[in-house]
Amino acid sequence: MTTTTLAVLVPLLPFLGAAAGLLLGRTAPGFLRPLAVLPTLAAAVLAVLVAVRQGGGKAIDAGTQLTPTGSVPIDLALHIDGFAALVAVLVGVVATCVQIYSTGYLRQDPRYSSYAALVSLFTAAMLLVVYSGDLMVLLVGWEIMGICSYFLVGHYWETPEARSASLKAFLVTKLGDVPFLIGLFALAADAGTFRITGVLGAVAAGGLDHPTLVALLLLAGVAGKSAQFPLHTWLPDAMAGPTPVSALIHAATMVAAGIYFVARLLPVFAASGAALTVLAVMAALTMVGSALAALAQDDIKRVLAYSTIGQLGYMSGALAVGDRGAAVFHLLSHGAFKALLFLAAGAVIHAAGTNSLTAMSRMSGLTRRIPDAYWTMTVGLLALAAIPPFAGFFSKEAVLVAAEHTATGERTVAPAGAGWIVLVAGLLTALLTAAYATRLWLLAFRGRGAEAPDHGRQPIAMTTVLWVLAVPSLGFGLTAGHLDDWFDGHPLTPTLVTAVLGTGLAVVGAALTYAIRRTLVARTAPPAAVRGVPVGAAPAPATGALAAPTVAHPDAEAGQVEAEALDLPHPAVDPADPGRALLGPLHPHAAHGFHLDAVYRTLFVRPVQAGASLVRFLDREVVDTYVRGAGDTAKGLGWLVRRAQTGNVQTYLSALLAGSVVLAVVAVVLANVAAGA
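Quick caveat, the model's predicted, so the values are computed rather than measured.

What counts and what doesn't
- Residues numbered from 1 in each chain as written.
- Predicted model: local features only at pLDDT ≥ 70, side-chain atom pairs only at ≥ 80, totals over all residues.
- Heavy atoms only, no water.
- Helix = DSSP H or I, 4+ residues; strand = E, 2+ residues; numbered from the N terminus.
- Contact = heavy atoms within 4.5 Å.
- Areas by Shrake-Rupley, 256 points an atom, 1.4 Å probe, with all protein chains shown as cover.
- Phe/Tyr/Trp six-rings, centres within 6.5 Å; stacked < 30°, edge-to-face > 60°.
- Buried < 20%, exposed > 50% of the residue type's maximum accessible area, 1.4 Å probe, protein only.
- Axes fitted to C-alpha atoms, helices over the stretch in contact; angles between N-to-C directions.
- Parallel < 35°, antiparallel > 145°, perpendicular 65-115°, else oblique.
- Left-handed = near helix turned anticlockwise from the far one by under 90°.
- Nonpolar A, V, L, I, M, F, W, Y, C, P; charged D, E, K, R; others polar.
- Polar contact = N/O pair within 3.5 Å; in protein donor to acceptor, adjacent residues only side chain to side chain.
- Core = buried A, V, L, I, M, F, W, Y, C linked by side-chain atoms within 4.5 Å.
- Pairing = 2+ DSSP bridges.
- Salt bridge = Lys/Arg side-chain N within 4 Å of Asp/Glu carboxyl O.
- Disulfide = S-S within 2.5 Å.
- Arc of directions from axis to C-beta.

Engineer: Which parts of the structure should I look at to understand the overall build of the protein chain?
Structural biologist: Each helix and strand counted, the protein chain has 28 helices and 4 strands in total. Its C-alpha atoms put the protein chain at 120 × 75 × 55 Å along the principal axes. Intrachain contacts of the protein chain at a sequence separation of at least 6 include 81% that bridge at least 24 residues. For the protein chain, the accessible area works out to roughly 26800 Å², and carbon and sulfur atoms hold 69% of it.

Structure follows, in structure tokens:
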């Protein structure tokens, strides 16, 4: 079987699995789990085989004209280079892990059939984006992912949080997709083709007439899809969906699509220094702002969501300095440890019965309940904090090295100013990332007070996946010396300066957070009333700040616990929360995402609602008034005519005679007037 045929099967198999799952979900429920797992697993295996055959060498190009358009043709094409081959492996592996994990996490969910089918369709759409060699075909996968995210984020549609989050995700990403679509058409008009190879050839030949305009329009869509400032606000709210969906969105599909798109078309953006500077500023604001916000969140999944936004900022920063190898290297590394973190968080939520870090900080013994999640999440957090030798250290260092080379003038693809912006923001974010990762670990696993509820052992499908993902989270960075041939040939290994600075700042952030936590804990001892008493066992009334929190039903399966946790009240402030001490007066603003949602409501939502109210008023009170007036006039005339129709012949003859007399009088008058004239 040829490599092209294998590549076609990679996105096709999950698509067929989704279709079969939807068709057979109710009639043959016994086939649901095999239809969810096996096609995705087969696609992952084929993606690995395609990557082995491609081997980081010459790109594989194949295509046929899909339809004549009369101007710019649309081709059904493949373009598989080292970037595409490795990203497809990431998508296949993470999607397979998510499907296997979901068989345990949502094993009693009544909507599992539609959920599994949508996850498969989501996977197929992302694989189509990765392998596509034509921008219009890529756009199809791009938009299918948007639809799938709407339904998957709103999976728990009974809760208002899930309903509003799904709608917000759809609308915000569509807000970016409008200029993105315009940018694609402008790019094709300049290049004369939608084929990616043709577009890159036109860029190399200087064939773009409006590179800055095209790049900025495309960046708007990337900002929406990859949750970059200022269109990032949908991603933290999307945590209302099931945890496996969060893992898939954050690690390997939706948010990765925008970064991958820019990497695939980086020469288009590099043709405009202004566009790269805009991208660098956007990346810097995203990195620092999201890290500050993560330090103030109470929901464990929202902490991870803001961390995703920040790590995507690192990738955008690498692209802004013209190094797509570093960007995709961090994309691959981040995909492994972020999938691990989210899936481990699902196990933690199930065990604790809550998604509140404050509530977890008032429980003891959580690490004994879930040792697998504890150890694997520790690995994931160390990778997130970029502590060597974990994967995040090597990929983050590749980004910082690329920024350093641009800032010092060793590379001239991007302006030196863009390099300094990314480098300074990246180092500051390294410190903040280690701080919020340490805070999450301390609050979740070093709680004090009531015993954690006993939800029983986690399903083997969940714990196995965690250990599988822990392997690349620990060791993937060691491949840095071998991946440069798969990308553009730039070295991905750390340098001494950035390694010392980045790691030193990370250690400072973690140590400072730990020291503050220790100090605050010593000042606020837990009440004796809740020590050693399991949550839910009705302890004696406790006074003080650390009363036992409210948790979800202890006998429920993981998906139901998470759905119930969405409606649970979060407990009062933990006085030993190091995030408050670190942020100081900035904490309430960071906790609300620096009020960007309020700004958008003021600038966009309220004016649109006011405009809609005005249109409704004009429609009902002005337009409808004329319509009703015309109808009432016709009714009035009909009433008059009806009154004249009495059915009495004498009345009709009298009216006829009277009319004749009137006409005769008028005729005589007119004749006399004419004669006098």
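Engineer: Would you mind going over the packing of aromatic side chains with me for this structure?
Structural biologist: The relative placement of two aromatic rings is captured by the distance of their centres and the angle of their planes. Scanning all chains against the criterion turns up 15 aromatic pairs. Note on Tyr101 and Tyr105: the rings are 5.4 Å apart at their centroids and 25 degrees apart in plane angle, and the pair reads as stacked. Linking Tyr101 with Tyr105, this pair stays in helix α3 (residues 82–105), spanning 4 residues, or about one helical turn. For the pair formed by Tyr101 and Tyr105, the shared burial category is buried. One aromatic cluster in this structure is built from Tyr374, Trp375, Trp441 and Phe445.

Engineer: Mind showing me how you'd approach the packing of helix α15 (residues 324–352) against helix α21 (residues 460–475) here?
Structural biologist: The N-to-C vectors of α15 and α21 enclose an angle of 150 degrees; their axes lie 9 Å apart at closest approach. Taken together, the axis directions place α15 and α21 in an arrangement best described as roughly antiparallel. Two packed elements cross with a definite hand, and for α15 against α21 that hand is left-handed. Between α15 and α21, the residues in contact are Ala336, Phe337, Ala339, Leu340, Leu343, Ala344 and Ala347 and Met462, Val465, Leu466, Leu469, Ala470, Pro472 and Ser473, respectively. When its residues are assigned to classes, the contact of α15 with α21 shows 13 nonpolar, 1 polar and no charged.

Engineer: Hey, could you run me through the environment of Gly636 in this one?
Structural biologist: With respect to the helices and strands, Gly636 occurs in helix α27 (residues 596–644). Under the relative-accessibility criterion, Gly636 is labelled partly exposed at 31%.

Engineer: What is the right way to read the side chain of Ser395 from this model?
Structural biologist: Position of Ser395 relative to the elements: it lies in helix α19 (residues 391–407). Ser395 sits in the buried class, given a relative accessible area of 0%. Here the side chain of Ser395 touches His330 through a polar contact of 2.7 Å, side chain to side chain. Ignoring anything within four residues of it in the chain, the contact list for Ser395 reads Phe329, His330 and Ser333.

Engineer: Is there a simple way to think about helix α11 (residues 254–264) in this case?
Structural biologist: Residues separated by three or four positions in an α-helix point in the same direction, a consequence of the helix having 3.6 residues per turn. Across the 11 residues of α11, 11 count as buried, placing the element largely inside the fold. Listed as buried for α11 are Met254, Val255, Ala256, Ala257, Gly258, Ile259, Tyr260, Phe261, Val262, Ala263 and Arg264.

Engineer: Whenever I open this one, the nonpolar core confuses me. Can you help?
Structural biologist: As a rule of thumb, nonpolar side chains are buried together in soluble globular proteins. Counting 198 residues, the largest nonpolar core has Tyr131, Trp234, Phe261, Phe269, Met377 and Phe487 as its most contacted members. Here this core gets 19 residues from one element, more than from any other, and that element is α15. Excluding anything up to four places from it in sequence, Tyr131 contacts Ala7, Val10, Pro11, Ala47, Val50, Ala77, Leu78, His79, Ile80, Ala84 and Ala88.

Engineer: For this particular structure, what's the right way to read the pairing of strand β1 (residues 60–67)?
Structural biologist: A regular strand places its side chains on the two faces of the sheet in alternate fashion. Judged from the 7 bridges that link them, β1 and strand β2 (residues 74–80) form a sheet pairing that is antiparallel. Of the residues in β2, the one forming a bridge with Gly63 is Ala77. Linking two consecutive strands that pair antiparallel, namely β1 and β2, is a turn of 6 residues; a positive phi of about 90 degrees is found at Gly70 within it.

Engineer: What exactly am I supposed to notice about the pattern of salt bridges here?
Structural biologist: A complete count under the given rule lists 10 salt bridges for this structure. Where Lys174 meets Glu143, a salt bridge forms, and the shortest distance between an N and an O atom there is 2.4 Å. Of this pair, Lys174 sits in helix α6 (residues 160–191) while Glu143 is found in helix α5 (residues 135–153), placing the two residues 31 residues apart along the sequence. Residue classification places Lys174 among the buried positions, given a relative accessible area of 18%. Among the charged side chains, a salt-bridge network with shared partners connects Lys168, Asp237, Arg302 and Asp597.

Engineer: Help me out: how do you make sense of unusual backbone geometry in this one?
Structural biologist: Peptide bonds are, in most cases, trans, and in most cases residues other than glycine have a negative phi. Going from Phe229 to Pro230, the amide bond is cis rather than trans, its omega being 5 degrees. Examined against the element boundaries, Pro230 turns out to sit in the loop between α8 (211–225) and α9 (234–237). In this chain, Pro388 is followed by Pro389 through a cis amide linkage whose omega measures 5 degrees. Mapped onto the secondary structure, Pro389 falls in the loop between α18 (371–384) and α19. Phi angles above zero are rare outside glycine, and Ala227 is one such case at about 55 degrees. As for its placement among the helices and strands, Ala227 is situated in the loop between α8 and α9. Taking relative accessible area as the criterion, Ala227 reaches 0% and is therefore assigned buried.

Engineer: Even after reading the chapter, I still don't get the environment of Gly317, so can you show me in this structure?
Structural biologist: Structurally, Gly317 can be placed in helix α14 (residues 300–320). Dropping the residues within four chain positions of it, Gly317 is found in contact with Ala283 and Val422.

Engineer: Just to check I follow, could you spell out the state of the cysteines for this structure?
Structural biologist: By definition, a disulfide links the sulfur atoms of two cysteine residues through a covalent bond. One pass over the structure, following the stated rule, counts 0 disulfides. A disulfide-free cysteine, Cys97 has its sulfur positioned 19 Å from the sulfur of Cys148, the nearest such atom.

Engineer: Please explain helix α7 (residues 196–204) as it appears in this structure.
Structural biologist: Every buried residue belonging to α7 is among Ile196, Val199, Ala202 and Val203, and all of these are buried. Buried residues in α7, looked at end-on, bunch into an arc of 125 degrees, giving them a common side. On its buried face, α7 is in contact with α5, α6, α11 and α12 (266–270). Remark: Gly206 follows α7 within two positions and exhibits a positive phi of approximately 75 degrees.

Engineer: Looking at this structure, how should I read the packing of helix α4 (residues 112–131) against helix α10 (residues 243–251)?
Structural biologist: In a pair of packed helices, the angle between the axes and the distance between the axes together describe the arrangement. One can describe the packing of α4 onto α10 by two numbers: an axis separation of 11 Å at closest approach and a directional angle of 5 degrees. Relative to α10, the element α4 is oriented roughly parallel. Residues Tyr115, Val119, Phe122 and Thr123 of α4 form the contact with α10, whose participating residues are Pro244, Val245, Leu248 and Ile249. Its residues placed into classes, the contact of α4 with α10 shows 7 nonpolar, 1 polar and no charged.

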